[in-house]
Amino acid sequence: MEGGDATRARRATVRLCSICNQRKAALKRPKTLEQICRECFYVVFEDEIHRTIVDNHLFKPGERVAIGASGGKDSTVLAYVLSELNRRHNYGLDLFLLSVDEGITGYRDDSLETVKRNEIQYGLPLKIVSYKTLYGWTMDEIVKAIGLKNNCTFCGVFRRQALDRGAAVMKADKLVTGHNADDMAETILLNILRGDIARLGRCTLITTGEDGPIPRCKPFKYTYEKEIIYTYAYFKKLDYFSTECIYSPNAYRGFAREFIKDLERIRPRAILDIIRSGENFRISSSTKMPEQGTCERCGYISSQKLCKACVLLDGLNRGLPKQGIGRTKGLNKSKDEENKNSSFHSKPCGTLDI
Amino acid sequence: MHLTLEFGGGLELLCKSVKIHEVDVDTKSGEDKLTMKDLLSWIQANVIKERPEMFMKGDSVRPGVLVLVNDCDWELSGNLDTTLEEKDVVVFISTLHGG
Amino acid sequence: MSSCGSACQSHCSRSDEAQDSNEGDSRISNLSIASEPPKADGLPALCSKCGVSVRVYSGMCADCFRAHIFGKFKLAVTNNALISPSDKLLVAFSGGPVSRVALQFVHELQYKAFNSWVASKSQALPVFGVGVAFIDERVFSHHPSCEVDNAIEEIKLIVSELTPVQKELHILSIESLCSLGPNDGKSGLNHLLETISDSTGRDDFLHYLRMLSLQKIALDFGYNKLVLGSCTSTIARHIISATVKGQGYSLPADLQYIDARWEIPVVLPLRDCLGQELSMVCHLDGLKTQKVLDRPHVGINALVSSFIARLQHENPSRESTILRTAEKLKPFHFNKFSKNGYHDFLPSRLRCKFQNVKDDSSTTEVLCPICGSPLDESDLQSLKTIQLKSQESLNNFISQCCQSCHFQILPKNEVPLVHFYSLLPQSFTRRVEISSLRDQIKDCLISDDDDTS
């Protein structure tokens, strides 16, 4: 409590970093409860991700890797950390940013600006693929056609494909996404809540789709969202964009998300425990996993004749937008609504060679 | 007491999309200190314009909202009991929105 | 499945039950929509089953609803051969609605078996016996002791009224397992709980202690099965809390109809009934429950409860869906009865169903001595790495505890850990001795093989 810096040091508990023992501790790692300083935090944070990458053999030298970039905090920090680690540890990766433009006015245009700044900051090339060019429809147009009820189904299915298709166009060997430990814990819970045993088995894998055209992996699988935010907050120059999608105030996912945050407050390790549970579930081998084939129309991997995106598109283009959503309910719509919907001109399914 | 408040991760939407607020908060008469607890209720009354439940839960911030006082996690300075001083910078970041 | 129709109460409609597993979701939501009382024309809505009486709950009249719930219980019992005529069952009764219904339904089965015994000439098939266990947890109650005494008197009255076959009531206080050495049970238990710093861990530890107390009663009085009133709602909560505590591997062990890893096997005949439904049965039948004895959850368990309550409110079939997801996970070898001769009392047609099941019990699981969970791969790996300088038996003990118990129950430092171990009832510590004995025998057998080769 001596003069000079005293203004900052007067606070009740001034502890030193438990790693370097020199600087003031600035945060408590949720994983270990260690109190450490900013400088040591960067080191352990990046080291841990490096370990995850190495231990799980996520990349091979010379691979061309697409970073799924939404402009949000996770992908922004991922782009930063990956470019940093690639340089430092000579991964030999050819990295680039890949963004999807759903065509939501007032939402995506802003976040794409953020990605464009990332492009300059980290010197990573950027490729933007749009729903409009891939599918012939923007999300704004889809919402106009189907209303607000099932638009997330469209967006989710389309986005998943859009990243893959974009990665294929860019001749990428792998696609990385910014899904963090909190996201994974949330997905595990949601799959239990909705009884989806097949997804429950798959959702904890760090790399998926190894048999498909473009494997995806999640280097942040064991990384707490909180630590990603620390990283973001400390590097003021890390650009970060976040708003709720204007079309999706998703209450259901919100419940699970809030539950996880409440849990984290009581017991930070619970997030990793959920992931451990997910990895250890005794999912019997007799549980049928859908067989992988390819979509007859677009060539994308699909367990059915047509992939989900083509089914949805088909519906949109034929003016039966409920087609492919849920069970068969949507097909028995009242005449009035069908007539209204069919006034939309049919649009061709966007084709892209994979 | 002059403080700099910063809202991020979507919380800025609750206060007219303004991220940084330079504010002067009155301390209770006879005291020259302000705790985070006092500050939170002041923010709720004076800064948050909509959906206060996205920011607060009970008398603290909602779980999933990160609080940094001068770049230090408030967990290390006593959470609600953290005392604030002139020209402190307090950052709130929500993790409840997507990323 | 339609075979049990004749054994059911007159208005129990079996064909509906058979479809239950497929259509559960849609049916439940249909029923709850239908349960809003009068229709637009002002006439009261009629029961969706009999079409005669007025709807009371779940779209059914009181009789049909009760028969529907009893049918679920009965189906669980017959389909899994949970009760055989030679059994002596101990029903765990907490005073709450779920175990109250369990007691009532078991009583009704016994009553029916007794009547047919009286009526039959040969009187060849014995009637299974039923006893009731109550664990007195007044040490933790916020209510004055006299209120608890009153509640216990009520329980005695309830049990005594379940005639004509009298049921013995066994009351054991939760602290009695802890009365070792110089400590009396109460201070022993309190000291033990003080060494557990995590509140969720303390809550769970009490749960394990309760289970062992029930086991003790069953063992001491010669019962061969323990009936627990775990319902869909309790199990759904357990599924989420176990997941949150990292116990995903052992989870399927806890939600099957049969759990034979205990000395006295445990059966869960109410597994497919929702808590709400069972409360309704209590209400309709005028079955008394004891609110005084309720124990609120704490820590993570409380958080999970409120989370599930919220989800259930938003979608009344959520708890069933959670159970159905976890049901698809692979159960363990001890989740069935495998003793020779166990299924002898079954009709031959049913018997082959159980006997043809291949016995893969060769895979032995190491069980955590505290919670009884089978250890997963990473537990087993960390098992070898723990070494304390102190006593060997403590070493053995903690090396077999699962990671979850390590985190939330075992004290972190050596001195409190030794203290914890010294206070731990034998019922816990004995489990390790038994399993290490088994290992030694196995080792001997293996070395014999080596010699001969």
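Residues numbered from 1 in each chain as written. Chains lettered and ligands numbered in written order. Predicted model: local features only at pLDDT ≥ 70, side-chain atom pairs only at ≥ 80, totals over all residues. Heavy atoms only, no water.

**Q** Which parts of the structure should I look at to understand the overall build of chain A?
**A** Assigned secondary structure in chain A consists of 14 helices and 10 strands. Within chain A, buried positions represent 55% of all 354 residues. Taking the intrachain contacts of chain A between residues at least 6 apart in sequence as the baseline, contacts between residues at least 24 apart amount to 68%. (Helix = DSSP H or I, 4+ residues; strand = E, 2+ residues; numbered from the N terminus. Buried < 20%, exposed > 50% of the residue type's maximum accessible area, 1.4 Å probe, protein only. Contact = heavy atoms within 4.5 Å.)

**Q** It is not clear to me how the sheet that holds strand β9 (residues 89–94) of chain B should be interpreted in this structure. Could you clarify?
**A** Sheets are built from strands that pair by backbone hydrogen bonding, the pairs being arranged parallel or antiparallel. Residue and element names in this part refer to chain B. Pairing in this open sheet of 5 strands is mixed, and the strands run β2-β1-β9-β6-β7 from one edge to the other. Edge positions in the sheet fall to β2 (20–24) and β7 (72–73), since each of these pairs with one other strand and no more. Direction of pairing for strand β1 (residues 2–8) relative to β2: antiparallel, over a ladder of 5 bridges. Within β2, the residue paired with L3 across the bridge is V23. (Pairing = 2+ DSSP bridges.)

**Q** Is there a simple way to think about the UniProt feature "binding site: ATP" (unreviewed entry) in chain A in this case?
**A** Residues and elements named next belong to chain A. Here, UniProt's "binding site: ATP" (unreviewed entry) annotation points to G68, A69, S70, D74, V100, G178 and D183. Residue placement: S70 occurs in the loop between β3 (64–68) and α3 (73–88). A distance of 3.1 Å separates a polar atom in the side chain of S70 from the backbone nitrogen of G72. Tracing the sequence through the fold places V100 in strand β4 (residues 94–101). For V100, a relative accessible area of 6% puts it in the buried group. Residues contacting V100, with those up to four places away along its chain left out, are R108, L112, V129, Y131, A162 and L163. (UniProt positions renumbered as here; feature names shortened; annotations may be inferred. Polar contact = N/O pair within 3.5 Å; in protein donor to acceptor, adjacent residues only side chain to side chain.)

**Q** I keep staring at the side chain of K245 of chain C and nothing clicks. Help me out?
**A** As for its position among the elements, K245 of chain C is in the loop between α8 (232–244) and β5 (258–259). Apart from the residues lying within four places of it in its own chain, the contact partners of K245 of chain C are R267 and D273 of chain A together with T200, D204, I300, N301, S404 and Q408 of chain C.

**Q** Honestly, the sheet that holds strand β6 (residues 266–267) of chain C in this entry has me stumped. Any pointers?
**A** Residues and elements named next belong to chain C. Strand order in the open sheet made by the 6 strands is β3-β2-β1-β4-β6-β5, with mixed pairing throughout. Only two strands of the sheet have a single partner each, and these edge strands are β3 (168–173) and β5. Pairing between strand β1 (residues 88–92) and strand β2 (residues 129–136): 5 bridges, direction parallel. Across the sheet, L89 pairs through a bridge with V130, a residue of β2. Relative to the sheet, helix α7 (residues 199–220) contacts β1, β2, β3, β4 (225–227) and β6, its axis offset from that of β2 by approximately 140°. (Axes fitted to C-alpha atoms, helices over the stretch in contact; angles between N-to-C directions.)

**Q** Honestly, the interface of chain A and chain B in this entry has me stumped. Any pointers?
**A** When the parts come together, some accessible area is lost, and that loss is often what is quoted as the size of the interface. Every contact between the two is made by 34 residues of chain A and, on the other side, 36 residues of chain B. Together chain A and chain B conceal approximately 2,900 Å² of surface at their shared face, both sides included; 47% is due to carbon and sulfur atoms. Here chain A is connected to chain B by 6 salt bridges. The partner of E258 of chain A in a salt bridge is R62 of chain B, with the nearest N and O atoms 3.5 Å apart. Summed over the shared surface of chain A and chain B, the number is 6 residue pairs in polar contact (both at pLDDT 80 or more). At the level of secondary structure, the elements contributing two or more residues to the side of chain A that touches chain B comprise α1 (6–9), β1 (27–28), α3, α10 (225–234) and α11 (251–266) of chain A. Take the side of chain A that touches chain B: its biggest share by element is 7 residues, from α10 of chain A. The residue inventory of the side of chain A that touches chain B, partitioned by class, reads 9 nonpolar, 8 polar and 17 charged. (Buried area = accessible area lost by both parts, 1.4 Å probe. Salt bridge = Lys/Arg side-chain N within 4 Å of Asp/Glu carboxyl O. Nonpolar A, V, L, I, M, F, W, Y, C, P; charged D, E, K, R; others polar.)

**Q** Got a minute to help me understand the interface of chain C and chain A in this structure?
**A** Counting residues at the interface gives 39 residues for chain C and 30 residues for chain A. Counting each side, the surface lost to burial between chain C and chain A is near 3,100 Å², with a carbon and sulfur contribution of 65%. Area buried by chain C at its contact with chain A is led by V244, L303 and F307 of chain C, which between them contribute 18% of it. Across the chain C-chain A interface, the total number found is 4 salt bridges. Counting every contact that joins chain C to chain A gives 16 residue pairs in polar contact (both at pLDDT 80 or more). Those elements that place two or more of their residues in the side of chain C that touches chain A are α8, α10 (299–314), α11 (318–327), α13 (377–383) and α15 (403–408) of chain C. In terms of residue count, the dominant contributor to the side of chain C that touches chain A is α10 of chain C (8 residues).

**Q** Looking at this model, I keep getting lost on helix α8 (residues 181–193) of chain A. Mind explaining?
**A** An α-helix turns once every 3.6 residues. As a result, residues three or four positions apart point the same way. Residue and element names in this part refer to chain A. In this model α8 runs 18 Å from its N-terminal to its C-terminal C-alpha over 13 residues, within 8% of the 18 Å that 1.5 Å per residue would give. By the criterion of burial, α8 is predominantly enclosed, with 12 of the 13 residues buried. Among all positions in α8, only A181, D182, D183, M184, A185, E186, I188, L189, L190, N191, I192 and L193 are buried. Immediately downstream of α8, the backbone of G195 shows phi near 75°, a positive value. (Expected span 1.5 Å × (residues − 1).)

**Q** Before we go on, may I ask you to explain the nonpolar core in this structure?
**A** Among soluble globular proteins, nonpolar side chains are generally buried collectively. Residues and elements named next belong to chain C. In terms of nonpolar packing, the biggest core is built from 87 residues, with F205, I240 and I370 touching the most fellow members. For this core, the element with the most residues is α7, which contributes 9 residues. Among residues more than four places away in sequence, those in contact with F205 are L192, L193, I196, I370, I409, F420, L424 and F428. (Core = buried A, V, L, I, M, F, W, Y, C linked by side-chain atoms within 4.5 Å.)

**Q** Is there a simple way to explain the domain arrangement of chain A in this structure?
**A** Residue and element names in this part refer to chain A. As far as domains go, chain A holds domain 1 (41–280) and domain 2 (293–331). Opposite the 16 residues of domain 1 that make contact, domain 2 presents 13 residues. For the pairing of domain 1 and domain 2, the buried interface totals around 1,300 Å² over both sides, and the portion due to carbon and sulfur atoms is 77%. For the interface between domain 1 and domain 2, the tally reads 1 residue pair in polar contact (both at pLDDT 80 or more). Elements represented by at least two residues in the side of domain 1 that touches domain 2 include exactly α6 (139–146) and α7 (151–169). It is α7 that contributes the most residues to the side of domain 1 that touches domain 2, 8 residues altogether. Looking at side-chain class alone, the side of domain 1 that touches domain 2 contains 9 nonpolar, 4 polar and 3 charged residues. (Domains from an automatic or database assignment.)

**Q** Before we go on, may I ask you to explain the pattern of salt bridges in this structure?
**A** A side chain of one charge can pair with a side chain of the opposite charge if their charged atoms are brought near each other. Within this structure, the stated rule accounts for 53 salt bridges over all chains. One salt bridge in this structure joins K37 of chain B and D59 of chain B, with 3.5 Å as the shortest N-O distance. Of this pair, K37 of chain B sits in helix α1 (residues 36–46) while D59 of chain B sits in the loop between β4 (56–57) and β5 (60–61); the two residues are 22 residues apart in sequence, bridging distant segments of the chain. Since its relative accessible area comes to 41%, K37 of chain B is described here as partly exposed. Look at D59 of chain B and you get partly exposed, because its relative accessible area is 43%. Note that R295 of chain C and E137 of chain C form a salt bridge whose closest N and O atoms lie 3.3 Å from each other. On the criterion of sequence distance, the pair formed by R295 of chain C in the loop between α9 (275–285) and α10 and E137 of chain C in the loop between β2 and α5 (145–160) is long-range, its members being 158 residues apart. Its relative accessible area of 13% is what places E137 of chain C among the buried residues. Sharing partners across several salt bridges, the network here consists of K73, D74, D182, D183, E186, E225, R257 and K261 of chain A.

**Q** Mind showing me how you'd approach the pairing of β9 of chain B here?
**A** Residue and element names in this part refer to chain B. Buried residues dominate β9, accounting for 5 of its 6 residues. As paired elements, β1 and β9 share 5 bridges and run parallel to each other. Bridging from a neighbouring strand, L5 pairs with V90 of β9. Bridging between strand β6 (residues 65–69) and β9 involves 5 bridges; their strand directions are antiparallel. Bridging from a neighbouring strand, L66 pairs with I93 of β9.

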